[in-house]
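A closer look at the structure
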Amino acid sequence: MKRTEHLLTAFVTALSFLLIAPADSPAQSPLTKPVEFVCHAAAGGGSDIQARFIQSVIEKEKLCSQPVAVVNRAGGGGAIAFAYVAGKKGDPHVWLTATTSFLTTPLLGKSKYTYKDFTPVTNLAFDDFLVTVRADAPWKTMKDLVEDAKKRPGQIKTGGTYAPGTDALIDHLIGKEAGIKFNYIPFKSGGEAMIALLGGNIDMFYPNPGEALAQMEAKKVRILGVASAKRLEGAPDIPTLKELGYNVSMQQLRSIAAPKDLSPAALKYLEEVFKKVANSAVWKEKYIKENMLTWDYKTSAETQKLWEQNNEFCAKTMKEMGVIK
Amino acid sequence: MIEHLLNGFATALTFTNLLYCFFGVTMGTIIGVLPGIGPVAGTAMLIPFTFGMNPTTAIIMLAGIYYGAMYGGSTTSILVNLPGESSSVMTCLDGYQMGQHGRAGAALGISAIGSFIAGTLSVLGLMLRAPPLAALAIRFGPPEYFSLMALGMTLVISLVGDSLVKGLIAGAFGIFLGTIGMDPTTGIERFSYGIPTLLDGLSFVSVSVGLFALSEVFEMAEYSTKAPVYVDKISNLLPNREDWKRSIMPILRGSAIGFFASCMPGSGATVASMLAYATEKKISKHPEKFGTGIIEGVAAPESANNAATGGAMIPLLVLGVPGSATAAIMMGALLVHGMRPGPLLLEKHPDFFWAIIASMYIGNVMLLILNLPFVGVWARMLKIPHAILIPLILSISSVGVFTVNNNLIEVWIMLLFGVIGYFMKKFGFPPAPVILALILTPLMENALQQSLQMSHQDISIFFTRPISLALMCLAGVSLLSPLLRYLWTKVRSSS
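Predicted model only: the values in this text are computed from it and were never measured. (Residues numbered from 1 in each chain as written. Chains lettered and ligands numbered in written order. Predicted model: local features only at pLDDT ≥ 70, side-chain atom pairs only at ≥ 80, totals over all residues. Heavy atoms only, no water.)

1. Observations concerning the pairing of strand S1 (residues 35-39) of chain A
All names here are of chain A. Counting buried positions over the five residues of S1 gives five, a clear majority of the element. With burial as the criterion, each face of S1 is covered, one bearing Val35, Phe37 and Cys39 and the other bearing Glu36 and Val38. Pairing of S1 with strand S2 (residues 68-72), which is carried by five bridges, proceeds in the parallel orientation. The residue bridging Val38 from the neighbouring strand is Val71, located in S2. In this sheet, strand S3 (residues 94-98) lies alongside S1 in parallel orientation, the contact comprising three bridges. For Phe37, the partnering residue across the bridge sits in S3 and is Trp95. (Buried < 20%, exposed > 50% of the residue type's maximum accessible area, 1.4 Å probe, protein only. Helix = DSSP H or I, 4+ residues; strand = E, 2+ residues; numbered from the N terminus. Pairing = 2+ DSSP bridges.)

Okay, here's the thing in structure tokens:
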């Protein structure tokens, strides 16, 4: 039995490592207990990695008076996490990762809590979408692709995550702008879609820069354009779709939400914490730059506006696609 | 290659890397033993931990958790019919029966040794054959998946138990359960009754813990006045010569199935363990003995789920695309360290690749040394009286199922399936086909819809692509084999 005890000790020690709290606390913190940082997606996805990265930045740089623990409440396109956090009205100890699904899941009627049921805290980054084809594809430019697609409508196979994820919206918008139609095959994750692209089962898809860069370096794929307003800082050679004459600009949000009815003092404190996260060197170097995200920091009021605009845009696009009425 | 490997060992054998490898495999074993928390959650929890390490050390540790969990997963399956990991469900079938017949030691022993052999073989495969396998893996598109799943479905037959009709009813029930949740392509809700938890389908963990462990607990409670039957029979702690003879081929076949099945992104250790078990039963000379506690039934799935860990690393290390959820977490950890796994990884960072390979050899040895002495300790757990064991299993199961998504509804689902499982047992319905169908149905449906979308609703896509056609033919043979065998014996006896 002795060995079992050793194992137990090791396990408990490991757990306690995870719970280590930052030592010093700023004087007027409105937080009185550990923070539960709810991630709406399963462990291992983009949002989860982001949440855990934020947690580590906060912990290392001692940015928050209370320890932060990431808790995954995945399921229902985020609906489970949204319902949980929305129910914690006025509690600044519960944070939520919010990406574009935070807007689209309620629009689809899968969650009764819309962005209006939360307090916007900040938006920390934007993730872009690259129009990507295999390196041996016949299309060298967006123009080649569009011309070919016009000749054989519905024959070029595109892929992405389940309809209607953000990439499905982009697929629709490109089709609409260029007056063409693709055959969209949904996959469970970006990784599966990438494998389908490399294996020739689909012809085109819309990965984030972080997903596509390694393949680009190895010359396995060619990037025809980026669906954002500005060229990427890390890859300035890629033209934007706008420059190419297709008015498609859409980015994945990386926001943080909190329950409704926070006290002004609490909201101010949270804004401060995330401002420090956004401006920390680790965050900028290790997270933003490595994943080729676009850096951002927005106050609560600005985030509110960002959500409103994006929500309106998603609603309009999804109506066009016929997925909602 | 030898030179590379030696360099890899040099890196892996540094004190820090050895320490974290050991920490990883130990954590992995514990995570494997606990139900609910699987390698995915386990590795994700430790990601912040890796920020201070260099990328090689980080992946050595995370990979250790991954394959370590496969060692631990069998323990509770064998002892109390509680699958510690989804990939250990198949181990319950014969492992638990072996425990009940006083052979828990042999079952635990063969699963540790089988895991070791399979784990080592799969690292060998990863080392020697990674690039060609990756090239094969990307040719596996939706139609090929569909055909593979169709082949898997035909194997349900081999899990039916005594009554074919009851077994098929159980399989059909599993297919029904597999359709609960959002339609994979259109997002239309099915049988979810507005419960958000059900949108993503029934969680496999909750259902399997309910069907296996809880139904067993309920039955134990029913007969709790009887003393445990196996008090003094844990004499032979390790597999004997006869066990070895019977296990070695299942271990090798299980390793091969696990390794190849998991190279294909998206299938993974659970599907691999089911395929391995069903294959063993199909080719066995005494298929009727499966499920009664024979060692082949433990050796095959436990080897397969371990071999799967090496295979699952291939898409990540060679293509730079994660093929499983755990691999996705490792990829995230690498990105954080400024290392972008991709097709150039082998060229640009050969030192990293070889150090990981070397550490996996070392880790598997550590796990064998770590796990074998425990066999005796674990086996003695069976002496715990029911009055203590029942509440213990109940609480461990509940906590484990809850932790997956911190969702209480999962615990209710587990309890519901405990009750269903209890009555299934009373009326002679086997639980295994339910589980197999529940796992395969969503994968199969997904692949079907993707394939038909690709071909504009033309089913010939399954028969015009060579790999898919070959798998379909295999499925046909598997389905018709009992009939063919019957006709063959008839022809022979009449002539």
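Next comes the rest of the description.
2. Some remarks on the domain arrangement of chain A
Residues and elements named next belong to chain A. For chain A, the assigned domains read domain 1 (34-126 + 251-321) and domain 2 (130-226). Contacts between the two partners involve eleven residues from domain 1, matched on the other side by ten residues from domain 2. Counting each side, the surface lost to burial between domain 1 and domain 2 is near 970 Å², with a carbon and sulfur contribution of 73%. Where domain 1 meets domain 2, there are one salt bridge. (Domains from an automatic or database assignment. Contact = heavy atoms within 4.5 Å. Buried area = accessible area lost by both parts, 1.4 Å probe. Salt bridge = Lys/Arg side-chain N within 4 Å of Asp/Glu carboxyl O.)

3. Digging into the environment of Val404 of chain B
Residues and elements named next belong to chain B. Tracing the sequence through the fold places Val404 in helix H17 (residues 386-405). Separated by 288 residues in sequence, Val404 and Phe116 have C-alpha atoms that sit 27 Å apart. If we ignore the near neighbours within four places in the chain, the residues touching Val404 are Gly36 and Val205.

4. Comments concerning the packing of aromatic side chains
We describe a pair of aromatic rings using the distance from one ring centre to the other and the angle between the two ring planes. Using the criterion set out here, one finds 19 aromatic pairs over all chains in the structure. Judged by centre distance (6.5 Å) and plane angle (75°), the rings of Phe82 of chain A and Phe118 of chain A are edge-to-face. Taken together, the residues span a long stretch of sequence, with Phe82 of chain A in helix H3 (residues 79-86) and Phe118 of chain A in strand S4 (residues 118-127) at a distance of 36 residues. On the accessibility criterion, Phe82 of chain A (0% relative accessible area) is buried. Between Phe9 of chain B and Tyr361 of chain B, the ring centres sit 6.1 Å apart and the planes meet at 20°, which makes this aromatic pair stacked. Placement of Phe9 of chain B in helix H1 (residues 2-12) and of Tyr361 of chain B in helix H15 (residues 350-371) is noted, with a sequence separation of 352 residues between them. On the basis of relative accessibility, which here comes to 15%, the residue Tyr361 of chain B falls in the buried class. In textbook terms, an aromatic cluster arises when at least three aromatic residues are bridged by ring pairs, as seen for Phe82, Phe102, Phe118 and Trp307 of chain A. The cationic tip of Lys284 of chain A hangs over the ring face of Trp295 of chain A; the distance from NZ or CZ to the ring centre is 5.3 Å. (Phe/Tyr/Trp six-rings, centres within 6.5 Å; stacked < 30°, edge-to-face > 60°. Lys NZ or Arg CZ within 6 Å of the ring centre and 35° of its normal.)

5. Here we look at unusual backbone geometry
At Lys219 of chain A, a residue that is not glycine, the phi angle is positive and equals roughly 60°. Classification of Lys219 of chain A as exposed rests on a relative accessible area of 67%. At Tyr193 of chain B, a residue that is not glycine, the phi angle is positive and equals roughly 50°.

6. Looking at the interface of chain B and chain A
Of the residues lining the interface, 57 residues belong to chain B; the matching set on chain A comes to 55 residues. Summed over both sides, the interface between chain B and chain A buries roughly 4900 Å², with carbon and sulfur atoms accounting for 65% of that surface. Here chain B and chain A share two salt bridges between them. Of the charged contacts in the structure, one is a salt bridge between Glu189 of chain B and Lys110 of chain A, with a shortest N-O distance of 3.5 Å.

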